[in-house]
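# Structural characterization, general
Single-letter residue listing:
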Amino acid sequence: MPLYPARSLNYINLKDYCKIDGTSDDSIGFTAAYTLASSLGMALWHPGGRLIKGNDTLLSNVAIDGAGTGISIIQLKNGANTDLFSAQTGSINLAAAGNTGILGTLSRFAIRGITLDGNKANQSSGTSYPLRFYGYDFELSRLEILNGYSGGLLCDWNYGSGIAPPSDQMEAIFDTIK
């Protein structure tokens, strides 16, 4: 693995850290690239292919961009029985009254132009979504989310304190999600 991003000043190319061959477990390489992107204030670029990995915690201020749905695929590895991406799941409370939640720490992230595959046929238990989080001020666009053992996408955010409504600081973008 290179010590520094090799291809762009704005992106870390996952191909420099992962095999992306549809069979290898790229968990370690993906997590290394993702945490490096976070520490350097950069984004990740998925150039295409099927990347197989376990769970990663979503990180604030990091975008994961791909070449398009069906082209750039991130798939949960066999038997992981967990979420593909998750964060602050203990704060999810879809029945909570308004203004009763916590602010939380997950914000300003993006996932764009990617297929997230929960690999349902090869999971056997547990809560397992391709994408499950409690957060605000994010962008999910040009996504295909499929094959979650428990469901596809579960997200929540119920402002309590820290951001007074109305405020554009809390707004999220959902655009072209299948």
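Here's a quick rundown of the structure. (Residues numbered from 1 in each chain as written. Predicted model: local features only at pLDDT ≥ 70, side-chain atom pairs only at ≥ 80, totals over all residues. Heavy atoms only, no water.)

### Here's the deal with the overall build of the protein
The helix and strand tally for the protein stands at one helix and twelve strands. When the helices and strands of the protein are read in sequence order from the N terminus, they spell out β-α-β-β-β-β-β-β-β-β-β-β-β. Residue burial in the protein is summarised as follows: out of 178 residues, 46% are buried. (Helix = DSSP H or I, 4+ residues; strand = E, 2+ residues; numbered from the N terminus. Buried < 20%, exposed > 50% of the residue type's maximum accessible area, 1.4 Å probe, protein only.)

### Structural notes on the packing of aromatic side chains
Overall, the coordinates contain nine aromatic pairs when judged by the stated rule. When the centroid spacing of 6.2 Å and the interplanar angle of 75 degrees are considered together, the rings of Tyr-11 and Trp-45 count as edge-to-face. With Tyr-11 in strand β1 (residues 11–13) and Trp-45 in strand β2 (residues 43–46), this pair connects stretches of sequence that are 34 residues apart. According to the relative accessible area criterion, Tyr-11 is partly exposed, its value standing at 28%. Members of the aromatic cluster, joined through ring pairs, are Phe-109, Phe-133, Phe-138 and Phe-174. Lying across the ring of Phe-85, Lys-53 places its NZ or CZ 4.2 Å from the centre. (Phe/Tyr/Trp six-rings, centres within 6.5 Å; stacked < 30°, edge-to-face > 60°. Lys NZ or Arg CZ within 6 Å of the ring centre and 35° of its normal.)

### Quick notes on helix α1 (residues 27–40)
When the terminal C-alpha atoms of α1 are compared, their 20 Å separation across 14 residues agrees well with the 20 Å that a helix rising 1.5 Å per residue should span. Ser-27, Gly-29, Phe-30, Ala-33, Tyr-34 and Ala-37 are the residues of α1 that are buried. Downstream of α1 by one or two residues, Gly-41 has phi in the positive range, about 70 degrees. (Expected span 1.5 Å × (residues − 1).)

### Comments concerning the nonpolar core
Most often, soluble globular proteins have nonpolar side chains that are buried together. Counting residues in each nonpolar core, the largest one holds 31 residues, and the members touching the most others are Phe-30 and Leu-58. Ranked by the residues each element gives to this core, the list is headed by α1, at four residues. Core analysis: the next-biggest nonpolar cluster, separate from the first, contains seven residues, Tyr-129, Tyr-134, Tyr-136 and Trp-157 among them. (Core = buried A, V, L, I, M, F, W, Y, C linked by side-chain atoms within 4.5 Å.)

### Some words on the pattern of salt bridges
Taken as a whole, this structure holds six salt bridges when the rule is applied. Two residues, Lys-77 and Asp-25, come together in a salt bridge whose shortest N-O distance is 3.1 Å. In this pair, Lys-77 is assigned in the loop between β6 (72–76) and β7 (85–87) and Asp-25 in the loop between β1 and α1, connecting sequence segments 52 residues apart. With a relative accessible area of 29%, Lys-77 lands in the partly exposed category. Judged by its relative accessible area of 45%, Asp-25 is partly exposed. Measuring nitrogen to oxygen at the nearest pair gives 2.6 Å for the salt bridge that ties Arg-112 to Asp-65. Pair noted here: Arg-112 is in strand β8 (residues 110–117) and Asp-65 is in strand β5 (residues 63–66), with a separation of 47 residues, a long-range link. We classify Asp-65 as buried; its relative accessible area is 6%. What you see here is one network of salt bridges that share partners, running through Asp-65, Arg-112 and Glu-139. (Salt bridge = Lys/Arg side-chain N within 4 Å of Asp/Glu carboxyl O.)

### With respect to the sheet that holds strand β11 (residues 153–156)
Spatially, the four strands line up as an open sheet ordered β4-β7-β9-β11, and their pairing is parallel. The strands lining the two open edges of the sheet, one partner per strand, are β4 (56–57) and β11. Relative to β7, β4 runs parallel, the two being bridged by two bridges. For Asp-56, the partnering residue across the bridge sits in β7 and is Phe-85. (Pairing = 2+ DSSP bridges.)

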